[in-house]
Amino acid sequence: MSETVSLNIGDKQVKLPVITGTENEKAIDISKIRAETGYITLDPGFKNTGATTSAITYLDGEEGILRYRGYPIEELAEKSSFLEVAYLLIYGELPTKSEFIDFQNKVSRHTLIHEDMKKFFEGFPTKSHPMGQLSALVGALSAFYPESLNPDATEEEDNLTIIKLLAKFPTIVSWIYKKSLGHPVIYPKNSLDYVGNYLNMTFGQLTEDVEIDPIVSSAMNKLLILHADHEQNCSTSTVRIVGSSNANLFTSISAGISALWGPLHGGANQAVIEMLEKIKEDGGDSEKWLAKAKDKNDPFRLMGFGHRVYKNFDPRAKIIKKACDDILNNLGVKDPVLDIAKKLEETALNDSYFVDRKLYPNVDFYSGIIYRALGFPTDMFTVLFALGRLPGWIAQWKEMRTNKEPIGRPRQIYTGEGKRHFVALKDR
Ligand code: CMC
């Protein structure tokens, strides 16, 4: 017999089904509770609420486990490539060799973006934030590829839209960077692999051939894999909820990009470096800044620390910390903020405020230091997070659509004024 729990409301008793996941996680299905009792549930920030069942990513915050389609993040970061992981997330299985070649060929055939899109790049002020540009440009793809707007598209048609977005995204991201420098854009080179092509469009020059260091491409692959999905976080939930209205893929992802931008989410990687720089300029006193983070009258938070779900350690942070050491050594880069980051981490991990609240370094604590060593400006960091998260957002949008999930529409408890009558302006 399937498990249920009982809820008593007044003299009414309701039996609620229990849903059990693959790893024995449990949820109480409350979908009928309002119809049966008139009550709704309230959970600000959805700290305790599952919005969907999903077969994409498994995360155990207590144990520090992260798996994509069952594969541990540690193995994927070590052995796979970003495009292969994208295939895995979107289609559910690792590709065979021929499936991968076919996928790679299809993606490389769609890397160009409509020439008129360049007018958008020209229109943005040079100093506008890359995330604002990215969100606008990805949304604008819907204007250039109207055949992708059909909510009743076949799986094959949806698949073509997915390929187009995967293919064009690195071109857009690299062009935003080129614009910030005032440099001419570099067109895609389809003989290169996905990450190699992106790096060539970013660091390549029209005037000369630029060799991309294999250390750089390997680091980039690893970072993108680590960011590729993270189940129902703020931006992914945004993508699913926008998509649940049958909005097209481009516009759903554009909304996800906007959600990612905030410093409490993806914007933290930029905020971390800005914070470390500030601490450095202030003399590098980590104790002083930790005291600020602990002071409830001070709005300062230790950026790159804490996570809604990880309450032990963030497995991505572990991999990134090691990668950071390796990459800086291999590239021969000495970055004084790395020393400050390490000191800050060590002090925080021995401080009861952080220990008691289970606050550990998250994925963003060290990623910015790597991006900086690779030559990216600070305001591009969150765009790189978006490039990594793209396959996860696509996979989640596709799953939501395949499962024909209902439109997302939370309820509320109204706490405003009771009924009152309009008073004319002259009498107020
Ligand atoms: N510095 C100082 N105190 C903190 C921090 C921090 N970074 N994070 C949480 N706390 C405190 C918070 O003040 C609260 O204390 P108290 O119980 O005394 O009121 C307690 O810890 C619980 O915090 P919360 O805000 O209720 O936790 P949350 O799950 O709502 O927030 C978070 C999670 C990631 C938004 C938060 O930890 C934070 O603001 N961290 C800094 C921003 C950051 O690094 N974000 C990147 C997240 S990882 C990348 C991604 O997936 O987007």
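Residues numbered from 1 in each chain as written. Predicted model: local features only at pLDDT ≥ 70, side-chain atom pairs only at ≥ 80, totals over all residues. Heavy atoms only, no water.

1. Focus on the overall build of the protein
- Across its full length, the protein carries 18 helices and six strands.
- For a compact globule of 428 residues, the expected C-alpha radius of gyration is about 22 Å, and the protein comes in at 23 Å, within 12% of that figure.
- Taken along its principal axes, the extent of the C-alpha atoms in the protein is 80 × 65 × 55 Å.
- Taking the intrachain contacts of the protein between residues at least 6 apart in sequence as the baseline, contacts between residues at least 24 apart amount to 72%.
- Accessible surface, the protein: about 22,200 Å² in total, of which carbon and sulfur atoms supply 52%.
- Once the 51 positive and 56 negative side-chain charges of the protein are each reduced to a mean point, those two points are 5 Å apart. (Helix = DSSP H or I, 4+ residues; strand = E, 2+ residues; numbered from the N terminus. Rg over C-alpha atoms; globule rule 2.2 N^0.38 Å. Contact = heavy atoms within 4.5 Å. Areas by Shrake-Rupley, 256 points an atom, 1.4 Å probe, with all protein chains shown as cover. Lys, Arg positive; Asp, Glu negative; His and termini not counted. Charge placed at Lys NZ, Arg CZ, Asp CG, Glu CD.)

2. Focus: the site of the ligand
- The local shell around the ligand holds 22 residues, among which H265, R301, L302, G304 and R308 are the closest.
- Here L264 contributes a backbone N or O atom positioned 3.0 Å from a nitrogen atom of the ligand.
- Within the side chain of N362, an N or O atom sits 2.9 Å from an oxygen atom of the ligand.
- Notes on the ligand: free accessible area 940 Å², of which the protein chains cover 79%.
- Split by residue class, the shell around the ligand holds 10 nonpolar, six polar and six charged. (Near = heavy atom within 4 Å. Polar contact = N/O pair within 3.5 Å; in protein donor to acceptor, adjacent residues only side chain to side chain. Nonpolar A, V, L, I, M, F, W, Y, C, P; charged D, E, K, R; others polar.)

3. Brief notes about the pattern of salt bridges
- Counted under the stated rule, the structure contains 22 salt bridges.
- A salt bridge links R401 to D158; the shortest N-O distance between them is 2.7 Å. Taken together, the positions of R401 in helix 18 (residues 381–402) and D158 in helix 7 (residues 155–181) put the pair 243 residues apart, joining distant regions of the chain.
- On the basis of relative accessibility, which here comes to 15%, the residue D158 falls in the buried class.
- The shortest N-O distance in the salt bridge between R316 and D314 comes to 2.9 Å.
- By relative accessible area, which is 2% here, D314 ends up buried.
- Through salt bridges that share partners, E277, K280, D335 and R372 make up one connected network. (Salt bridge = Lys/Arg side-chain N within 4 Å of Asp/Glu carboxyl O. Buried < 20%, exposed > 50% of the residue type's maximum accessible area, 1.4 Å probe, protein only.)

4. What about the sheet that holds strand 3 (residues 26–28)?
- Within the open sheet, the three strands sit side by side as 1-2-3. Their pairing is antiparallel. Only two strands of the sheet have a single neighbouring strand rather than two, namely strand 1 (4–9) and strand 3. Neighbouring strand axes in the sheet, compared pairwise and without regard to direction, differ in orientation by 30 degrees on average.
- Sheet topology places strand 2 (residues 12–20) next to strand 3; three bridges connect them, and they run antiparallel. (Pairing = 2+ DSSP bridges. Axes fitted to C-alpha atoms, helices over the stretch in contact; angles between N-to-C directions.)

5. Considering the packing of helix 13 (residues 286–294) against helix 15 (residues 336–349)
- For the pair helix 13 and helix 15, interaxial distance at closest approach is 10 Å and the crossing angle is 55 degrees. On the basis of the axis angle, helix 13 is oblique to helix 15. The element helix 13 and its partner helix 15 pack so that their crossing is right-handed. Between helix 13 and helix 15, the contacting residues are S286, E287 and L290 on the first element and K343, L344, T347 and A348 on the second.
- Residue composition of the contact of helix 13 with helix 15, by class: three nonpolar, two polar and two charged. (Parallel < 35°, antiparallel > 145°, perpendicular 65-115°, else oblique. Left-handed = near helix turned anticlockwise from the far one by under 90°.)

6. Here's the deal with the sheet that holds strand 5 (residues 65–68)
- The strand order across the open sheet formed by three strands is 4-5-6, and the pairing between neighbours is antiparallel. Two strands close off the open sheet at either side, each with one partner strand: strand 4 (57–60) and strand 6 (71–72).
- In this structure, strand 5 lies alongside strand 6, joined through two bridges in antiparallel fashion. Note on strand 6: the bridge partner recorded for Y68 is Y71.

7. Considerations on the pairing of strand 5
- Side chains of strand 5 alternate between two faces, with L66 and Y68 buried and I65 and R67 left unburied.
- Of the strand pairs in this sheet, strand 4 and strand 5 are connected by four bridges, and their pairing is antiparallel. Bridged to T57 within strand 5 is Y68.
- Connecting strand 4 to the antiparallel partner strand 5 that follows it, the hairpin turn spans four residues, and G64 within it adopts a positive phi of roughly 70 degrees.
- Joining the antiparallel neighbours strand 5 and strand 6 is a turn of two residues, in which R69 adopts a positive phi near 50 degrees.

8. Describing the packing of helix 11 (residues 249–261) against helix 18
- With their axes 10 Å apart at the nearest point, helix 11 and helix 18 run at an angle of 135 degrees to one another. Classified by the angle their axes make, helix 11 and helix 18 are oblique. In the packing of helix 11 onto helix 18, the handedness of the crossing is right-handed. Judged by residue contacts, L249, S252, I253, G256, I257, L260 and W261 of helix 11 engage T382, F385, A386, L390, W393, I394 and W397 from helix 18.

9. Considerations on the UniProt feature "active site" (unreviewed entry) in the protein
- In the UniProt entry, the feature "active site" (unreviewed entry) is given for H307 and D364. Spatial clustering of the annotated residues is evident: they stretch over 58 residues in sequence, but the largest pairwise C-alpha distance comes to 10.5 Å.
- With respect to the element layout, H307 can be found in the loop between helix 13 and helix 14 (315–331).
- Once residues lying within four places of it in the same chain are set aside, the contact partners of H307 are H230, D314, R316 and N362.
- In this structure D364 comes out as buried when scored by relative accessible area, which is 4%.
- Ignoring anything within four residues of it in the chain, the contact list for D364 reads H227, H265, G266, A268, N269, V272 and F385. (UniProt positions renumbered as here; feature names shortened; annotations may be inferred.)

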